[in-house]
Every structure is written in structure tokens, then in C-alpha cells.
Amino acid sequence: MGLYPHQKRVNDLVREGKNVILTAPTGSGKTRAALHPFLWALDNQGYLPSKCIYSVPMRILANQFIREYKEIVQKYGLATGHSDLRAGIQTGEQQGDREFASNLIFATIDQTLSSYLLTPYSLPRRLGNINAGALVGAYLVFDEFHLYDPNSTLPTTLHMLKQLNGITPFVLMTATFSTSLVEELAHELNCEIVPKTEEERQAILGIQSQQKIHRYHVADTPLNAEQVLERHRGRSIVICNQVERTQQLYRRLNALKSDHTRLILLHSQFLTEDRRTIETLLQETFAKDGDADVLVVATQAIEVGVDISSTVMHTELAPANSIVQRAGRCARYKGDKGDVYIYPMTEAADGSVIDLTQNFMPYEGMGDVISKTLVAFQARSGNTFSYLDEQAVLDEAHTESDAAMLQRLRSIQTDHKRKIYALQSGNPNQGGGTVDPRHLIREIASQPVTISGNPDSLLDAPFDAPAFGLHPGTVQKHLKEWLERGNALKLDWAIKMLVEKDDEQQAQANQERFVWQPITDAKSAWGAQLLVVNPALASYDPDFGFIAYQGRMGTRIVRDEYTYDPDLGFIAHREPQTARPHHNYRYRLETYARHIQLVHQAFDELWGEIARNAGQLEKFFGWQPRTLRHACELAVLLHDVGKLSKGWQKWVQEYQAKIGQPANPREAYAHTDYDSRNEDHRTVQQQMGRRPYHAVEGALATLPIVHQILADDDLTQAVFSAIARHHAPFSQENMTARLTGNAPKFISETFAETILSVDTSSLNGLSEDITPIDDADRDSLIAMPDNLRAFLPYLLFARVLRRADQLGTRMGV
């Protein structure tokens, strides 16, 4: 089967070197449109990088898209010459590719943006500059980007794409942005829009997934169980805007439904394992050709990523883009017939009616959009909709608010850029307060709440405790109720919040950095990192989720990491830190020459993954071909020159003697013998103290050589930064050091074994004495994000050097 017209258009534009914004309805093959040019290029020595990072706003989508990718490869015979093609998933809970090493990575947008900001969520801080280079050297796809938070995720994504424009190819995809917003974004990012013409838009109506009947109705009665059951036929989905109303409706439906109707509940307040079980059940129950009698009650958690189709959908009134996204789970496939009922009113637990044109939670600040959404759908109530009709509603409801959002994006652009630069330069406190990367990645309006009768048992790793993200406003409402009921039950405490210890000495003397502080006033909990509620007040059930107002409910659950007991809450399965085994790792006594040889060998293997984008950088900045390979190879060959200092080599000799394995005094070494399981090794290392620093020292020693060879200030900064920061992303201070007298000899030998053409007489410029430098001098040497000609090559070099160093070290062991 060939490509649909919009898929072919995307493919052609990407092959021409253009960036694309694709706007198409759910089920129209956006995933194939984005992946086809990448997979085709792999087979045809193509025009795209050999790495694709496919970013999605929710972790459920990452799981779905890797299934779609496999289907595309098998169905259309793409990437047939690449049996070793690796595809991975990188999300917060499924960390299958923490260093973005696969050819195709499906990642949540949090993972992508945190990597670009040099604060990757998936890696420890010391490895913070490994992943950013993968983004500079990849084909980037951003799906469902209409779901990106406009205060954090969207502006950071736009900033990154502007930085990489002309260097890294990208495709953005959406189903529910207004036409005006897409046009403005295309202008800002220098993108082509697909579909662009009326003919192209009409062509989408002809594809198989659009051959269906899809009707929208505005209901004149409140949403309640009776209305749902009256209209139920085959497969129904009900979507409420808040978890509490979803649970209430589920209870009522469970009491009224017939025995043969299966009822499923899905919302955001389930534990990960239980949510996965429910999602799998949904996929099985809603099989495309199935004949199930099933009723699903859900929140926005079902809006995207769940590939199911209902006959009837009921939804509370929400912004138009959300309603259209929800409707993508109704009459989804060719030949389907479906009805979507929109309810401006909904029934509360006590039977009273909630007017959703006045009660906007969780869509605060969107009252005008919701009003326009209602008017637009009322004018078309009962009509059959095509995706063009849905787009017309989106334009009527969102154009004005989208224009305001764009204006706000422009107004915060300068400050947002300052914050991004502060993080990327390693100075989060620079100018105007500390920059929290979370505020640039995803501004999540939620507070985590866990349940435990013994909160102190969680202090060893409090953020590993099973927890539920609740809206801060919902938390405030619950807190008041919990405090009142706690007093009535005469509990010692009702709810506590996690606070960090103020006493630094006490914190260092204790393994626990945090304490629990009882809450006596609901307002004091605003902004708390973690809350714990007494199990007498709240509960958890794997079929119902977090139960806010009933204590000691649910069934006992035993999992690998924890147990849930209705009387005790969550109990962590965790040994005390003192009882945990050491993280095992080994080094062997290895000469300097051998280590550089192995790292260079790894460099040769790794360069291929970014060679094409290195070429793009060379073209963009006006360098000759292979200039960046030449520069990165210099960084690889010189990265450990700091270990040729007298202090480092003396440390090696003394350490080896103390463990009974003396080293050759005429040789230079890059590694000592060390086995973390060997008590003698650990004891000697502890007695001798830290090894002398070498990274920044080596960068300073080789600076004259690098500058002489490259004759380019920006590339010199890039190489200097890669060497100085090959163990930590923001290393900058150095110690006094003096190189050994035979350092030039050892360096010359490593150059001789490469094909790099370098006049070794340049080694005469080696700085033998290294002294601490001041901040001003240091800042002039480090590649900073406001100079992309130095910063982007640095990101590439840092990735290749650090991964080559890792691989070379493993080969040495």
C-alpha cells in the first residue's frame, strides 16, 4: 500500500531538507508520515541522520508508537537492510534507553527537553552533557504537540528548534491546533505546513480512516448514570473532567448496569502497574473487530494514546481541542458509526447539578474558550462531522486565545531564553533567582500524596514511595476534610508534609535528608514536595484508584518494591542504606597509551551516528568537510593529558604499591587496579584520599596545542569544554599541577597510531605548569549557549568523547 497524499507530501518535504508541521486527524497515519522518510533513508544511504528521537507528551504514547513502528517496518518493508536497527523507549517509568543510544527512541517530551537543558531526568548530574549531543545529531519528531504546556514545555521546545533550525531536521504533528496558530508557528520555525492547500485538505477526507459517520450532539440534560445507560449500545466511553466525578459516576453505573455489561474505570490516580493492567484490558476489550458490551468511565487520561473505538461517547463540556481529541476514541475506524454527546451540565454526588460553563476545573482561565466551544457545537448539534468541520470548531473556539498565547510566548521569550542559558551554562542562580528546570520542561499543576501509617519508614527514599498526583486545589479541599476527620477520630496526626533539614551538620550525620512535619492548617501545604495522609483517612484500591475520603479500604497488595495494607498504607521494601551492597565496578592497571588507543577505537565506531549532522554543522557554519571529526578526534586524543601530571602518576605508584601490585615507574598510567568488591582496594583508596583532578587541568595544558592546530577560536572553545567536562557537565575549577617531563613523548605516541595528520612539533606548545585561573579567563574558554558556533559542536564532542571514554574503559577491563 502506497503513501497517502499527506504522507507523501511530508516525505517529499523532508527529503528536500524542509521542516514540517503536519496537521491531520486521529487515525490518519501521522506516525507513518513522520517515520517513513527516516526508515527509507536508512535503506538508501539517505539524507537524514541515522538517529530519530520521537517525542510524545505522555508515557502511554511511547508504548503505543513503538508498536506502530514495528507494524510499519513489517507492513511496508522499510529498513530491511538494517537488521541491527534498535528501537527503544525512554520515559520516567520505562527507562530503556537512558543515553539515547538506539537508532529510534520514543521518549516523553520531559526526557527530551531535560536532556537538551543538560539536566537529563534519566541520568545522574555527572552525566548531564551526554544526551544533548544526540539531539543535535538526530531527526526530531514531536507528536501531539498541542498537548504541550504553553507556559513551560511549548516555549522550551520552540527555543530548542530555533537553535537547531537549519542543522537538525524536525517534524511537528498535531490534530487540534487552530489554523492561525499553526500558521504563526510555521512562520516562527521556518516550516512547511501539510496540508497547505484546499486540495490537500480534501484529499485527507478520502483516506480510509475518514470513511465513517461521526455525529456530535449537545445534550440538554445533565450527565448522569441514567443518561449513559439509556444511550448505551455496544461500546460506550464516558469522560469526566475530574477524578472525583469519574469515581462517583462509576459507583452509580455499577449499581444500575446489567450483569452482562463490563464496566472499567480509568483515571490518573492509579498506581503504575494497575494503570498498565487497565490499559491492556481496554486494548483487549475494544479490539477493532470485537463485539463487546463494555462501558468505560475515564478522565482526560483516555484522550490520547489509547487506540480504541466506541460507538457512543459522553463527555463533560471542555475546551474544543480537548473534546475533539476525546472524540478520536469514537468511530475511529473505516465504516464505524458513532455519536458524541457533550454535556454542559453534570450531576454531583449529592444529586445537585454543576454548571460546567461556570465551573471550569481543571481548565482554569479558559472560560471564554469553553463558552465559544459550546456555542460552536450547539450551532452544529446533530450534524455529521468531518475533520474539516472539527477544524472549523477549533478555529471558532481557539483562534482568539491562541493569538493571546502567542503574544504571551513572545513576551516571555527573552526571560525564558535567559533561564535556558543559565541551565545550559551550569549557572542556575545567574541573575534573578534559582532556575528550576522543571519550570522549563513541564509545569505540572499537581502535588504528590502517599498513604502511610509509618511515614518515617519512607524517609530513606521518600520520592520512591507510591504516590498520586493531585491538583493543588483538590489537595486543599481534601486537606480541610482530612484535618476535620482527624480531629473527630482523635488521631495523633492526619497529614504531614516532607521538608528538607535546615541543619546541614545534622543532615550530613544522618542518612536521611528529610523529616515529616505535621500539618495543622491546609494553607501551609501549598508547594509541599510530598504529602502523606494517615491510612485511617484515605485508601487505595487497584480497581478504583486513590480513595480520598474513606480510610482502611481496599485489598492488601504485595509488589516487588512495596506492600499496600489497608490498615498501614504503603510499606517500602527497602534495606537500610548501610545494609545495601556496593555498586560493583572494576578497573585494571592500564597505561596511558593503551587507554587512549581503546578510546580512539571506540570513537571511530561512534562517529558514524553523528557524521551526517556534523556535516550539517560544517555546512551551516562554513567549515570545511571533516573539520568537526578532526576537532573531536583531537579531544579524544588529548582528553586525559591531565593524568600525565606528576601528582596523578605519583598517586598511581603509591596506590599500586599499597595494594601489593607495584607499577612500572618508567610508564605512564591512566587507570589503577580497583575492584569495588575488594575490601583492601576500598580501604587503601579511602586512606589515600581523592585522586588529583585531571580534566580541567588537561584542557588547560593542551589549550595552546588545540588552538594552534585548529586555528579557530570557536572550535578551540568546543574542544576545551569537551575535555574539561568529560567527567562532569559543569566542571570549571582546576588545581595547580605540573606535567611529567616525558608527557610530550607519551602524547606523541598516541598521535602516531592515528590517521590524524598533526605536526607533532606543535606539542612543544604544551603547558607544563597549570595554575588556577580566574572566573573571567575561564568563562572566555568555555563554550556557552549564546555562541552556537562553539556550543553545538561542544555538545556533539561531549557526547562522543564521554561515550567513547566509557566504551574504551570497559574494553580495558
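Since this is a predicted model, take the numbers as computed values, not measurements.

## A look at the overall build of the chain
Then, in step 1: On a plain count of helices and strands, the chain comes out with 27 helices and 31 strands.
Then, in step 2: Against the compact-globule benchmark of 28 Å for 813 residues, the chain has a radius of gyration of 29 Å, which places it among compact chains.
Then, in step 3: In terms of principal-axis extent, the alpha carbons of the chain reach across some 90 × 70 × 45 Å.
Then, in step 4: Taking all 813 residues of the chain together, the buried fraction comes to 56%.
Then, in step 5: Restricting the contact set of the chain to residue pairs at least 6 apart, pairs at least 24 apart contribute 74%.
Then, in step 6: Carbon and sulfur atoms provide 47% of the accessible area of the chain, an area that totals close to 33900 Å².
Then, in step 7: Positive and negative side-chain charges in the chain, numbering 83 and 99 respectively, have mean positions lying 2 Å apart.

## With respect to the sheet that holds strand β24 (residues 562–565)
Then, in step 1: Taken together, the 3 strands give an open sheet; going across it, the order is β23-β24-β25, and neighbouring strands pair in antiparallel fashion. Looking at the sheet topology across the chains shown, the edges are occupied by β23 (557–558) and β25 (569–572).

## Quick look at the environment of Y585
Then, in step 1: With respect to the secondary-structure elements, Y585 resides in the loop between β25 and β26 (586–587).
Then, in step 2: For Y585, a relative accessible area of 35% corresponds to the partly exposed category.
Then, in step 3: As a C-alpha pair, Y585 and R252 span 333 residues in sequence and 57 Å in three-dimensional space.
Then, in step 4: Ignoring sequence-local partners within four residues, the contact set of Y585 consists of Y674, D675 and S676.

## Considering unusual backbone geometry
Then, in step 1: Going from V194 to P195, the amide bond is cis rather than trans, its omega being -5°.
Then, in step 2: Along the chain, M361 connects to P362 via a cis peptide bond; the corresponding omega equals 5°.
Then, in step 3: Relative to the elements of secondary structure, P362 occurs in the loop between β15 (353–355) and α13 (367–378).
Then, in step 4: For K490, which is not glycine, the phi torsion reads 55° and is therefore positive.
Then, in step 5: Mapped onto the elements, K490 comes out in the loop between α16 (472–488) and β18 (495–500).
Then, in step 6: For A711, which is not a glycine, the phi torsion comes out positive at approximately 50°.
Then, in step 7: When its relative accessible area of 63% is taken as the criterion, A711 is described as exposed.

## A word on α16
Then, in step 1: If you check α16, its first and last C-alpha atoms are 24 Å apart, about what 17 residues at 1.5 Å a residue would give, namely 24 Å.
Then, in step 2: Inspection of α16 places P472, T474, V475, Q476, H478, L479, W482, L483, R485 and G486 among the buried residues, and these make up the whole buried set.
Then, in step 3: Immediately beyond the C-terminal end of α16, within one or two residues, lies K490, with a positive phi of roughly 55°.

## Regarding the packing of α13 against helix α14 (residues 387–424)
Then, in step 1: Contact pair α13 / α14: the axes reach a minimum separation of 8 Å and the direction vectors enclose 160°. In terms of their interaxial angle, α13 and α14 are classed as roughly antiparallel. The interaxial crossing formed by α13 with α14 has right-handed handedness. Contact with α13, carried on its side by V369, K372, T373, A376 and F377, involves V393, E396, A397, H398, E400 and S401 of α14 and no other residues of that element.
Then, in step 2: Classifying every residue of the contact of α13 with α14 gives 5 nonpolar, 3 polar and 3 charged.

## Regarding helix α7 (residues 179–189)
Then, in step 1: Taken together, the buried positions of α7 are occupied by L181, V182, L185, A186 and L189. End-on view of α7: buried residues confined to an arc of 135°, all on one side of the axis.
Then, in step 2: Those residues of α7 that are buried lie in contact with β1 (19–23), α6 (153–164), β6 (170–174), β7 (191–194) and α14.
Then, in step 3: Looking one or two residues past α7, N190 carries a phi angle of roughly 60°, positive in sign.

## Description of the sheet that holds strand β9 (residues 235–239)
Then, in step 1: Read from one edge to the other, the open sheet built from 6 strands follows the order β8-β13-β12-β9-β11-β10, with strand pairing classed as parallel. Where the open sheet ends on each side, the last strands, each with one partner, are β8 (213–218) and β10 (262–266). Between one strand axis and the next, the sheet turns through 15° on average, direction left out of account.
Then, in step 2: In the sheet, β9 pairs with strand β11 (residues 294–298) via 5 bridges, with the strands oriented parallel. Note that in β11 the partner of V238 across the bridge is V297.
Then, in step 3: Sitting on the sheet, helix α11 (residues 272–285) touches β10 and β11, and the angle it makes with β10 is about 140°.

## Quick word on the pairing of β10
Then, in step 1: For β10, the buried fraction is high: 4 of the 5 residues fall into the buried class.
Then, in step 2: Two strands pair when backbone bridges link them, and β10 and β11 are joined in this way by 5 bridges, in the parallel orientation. Note on β11: the bridge partner recorded for R262 is V294.

## A few points about the pattern of salt bridges
Pairing of side chains with opposite charge becomes possible as their charged atoms draw close.
Then, in step 1: According to the stated counting rule, one finds 37 salt bridges in the structure shown.
Then, in step 2: With a shortest N-O distance of 2.6 Å, E400 and K372 are connected by a salt bridge. Here E400 is found in helix α14, whereas its partner K372 is found in helix α13, with 28 residues between them in sequence.
Then, in step 3: R586 serves as the salt-bridge partner of D675, at 3.9 Å between the closest nitrogen and oxygen. With a gap of 89 residues between them, D675 in strand β29 (residues 674–675) and R586 in strand β26 connect regions that are remote in the sequence.
Then, in step 4: Judged by its relative accessible area of 36%, R586 falls in the partly exposed class.
Then, in step 5: Within the structure, one salt-bridge network assembled from shared partners comprises K51, E99, E609, R799 and R803.

## Notes on the nonpolar core
Then, in step 1: In terms of nonpolar packing, the biggest core is built from 107 residues, with L140, F142, L172, L792, L795 and F797 touching the most fellow members.
Then, in step 2: The biggest single contributor to this core is helix α27 (residues 788–812), with 11 residues.
Then, in step 3: Each residue touching F797, except ones within four places of it in the same chain, is listed here: L628, A631, C632, A718, V719 and A722.
Then, in step 4: Core analysis: the second largest hydrophobic core is formed by 84 residues, C240, L265, V296 and I302 among them.

## So, the packing of aromatic side chains
Then, in step 1: Enumeration according to the criterion identifies 22 aromatic pairs in this entry.
Then, in step 2: Geometrically, the ring pair formed by Y562 and F570 is edge-to-face, given 5.6 Å between the ring centres and 80° between the ring planes.
Then, in step 3: Residue classification places Y562 among the buried positions, given a relative accessible area of 6%.
Then, in step 4: In this structure, K745 packs its charged tip against the face of F746, placed 4.4 Å from the ring centre.

## Focus: the layout of surface pockets
Then, in step 1: For the second largest pocket, the calculated volume is near 1500 Å³.
Then, in step 2: Lining the second largest pocket we find 37 residues, and of these R126, Y587, H694, H727 and R802 sit closest to its centre.
Then, in step 3: Put simply, the parts of the chain that give the lining of the second largest pocket at least two residues each are β26, β28 (669–671), α23 (695–710) and α27.
Then, in step 4: The dominant element in the lining of the second largest pocket, judged by the number of residues it contributes, is α27, at 5 residues.
Then, in step 5: When the residues that make up the lining of the second largest pocket are grouped by side-chain class, the tally is 12 nonpolar, 13 polar and 12 charged.

## Points about the confidence of the model for the chain
Then, in step 1: Per-residue pLDDT for the chain has a mean of 88; in total, 91% of the residues score no lower than 70.
Then, in step 2: Low pLDDT (under 50) marks residues 503–512, which in the prediction has 9 contacts with non-local residues, meaning those over four places away or in another chain.
Then, in step 3: Across residues 576–582 the pLDDT falls below 50, and counting only partners more than four positions away or on other chains, this stretch makes 9 contacts in the model.

## Focus: the packing of helix α18 (residues 592–606) against α27
Then, in step 1: Running from N to C, α18 and α27 cross one another at 125°; their axes reach a closest spacing of 8 Å. One finds that α18 runs oblique with respect to α27. Handedness of the α18/α27 crossing: right-handed. Here H595, L598, V599, Q601, A602, F603 and L606 of α18 come into contact with α27, specifically with V800, R803, A804, D805, L807, G808, T809, M811 and G812.

The rules behind the values
Residues numbered from 1 in each chain as written. Predicted model: local features only at pLDDT ≥ 70, side-chain atom pairs only at ≥ 80, totals over all residues. Heavy atoms only, no water. Helix = DSSP H or I, 4+ residues; strand = E, 2+ residues; numbered from the N terminus. Rg over C-alpha atoms; globule rule 2.2 N^0.38 Å. Buried < 20%, exposed > 50% of the residue type's maximum accessible area, 1.4 Å probe, protein only. Contact = heavy atoms within 4.5 Å. Areas by Shrake-Rupley, 256 points an atom, 1.4 Å probe, with all protein chains shown as cover. Lys, Arg positive; Asp, Glu negative; His and termini not counted. Charge placed at Lys NZ, Arg CZ, Asp CG, Glu CD. Pairing = 2+ DSSP bridges. Expected span 1.5 Å × (residues − 1). Axes fitted to C-alpha atoms, helices over the stretch in contact; angles between N-to-C directions. Parallel < 35°, antiparallel > 145°, perpendicular 65-115°, else oblique. Left-handed = near helix turned anticlockwise from the far one by under 90°. Nonpolar A, V, L, I, M, F, W, Y, C, P; charged D, E, K, R; others polar. Arc of directions from axis to C-beta. Salt bridge = Lys/Arg side-chain N within 4 Å of Asp/Glu carboxyl O. Core = buried A, V, L, I, M, F, W, Y, C linked by side-chain atoms within 4.5 Å. Phe/Tyr/Trp six-rings, centres within 6.5 Å; stacked < 30°, edge-to-face > 60°. Lys NZ or Arg CZ within 6 Å of the ring centre and 35° of its normal. 1 Å grid on protein atoms, 1.4 Å probe; cavity = no way out; pocket = protein on both sides within 12 Å on 5 of 7 lines; lining within 4 Å. Points joined across faces, edges and corners; volume = space filled by probe spheres on them. pLDDT = per-residue confidence, 0-100.

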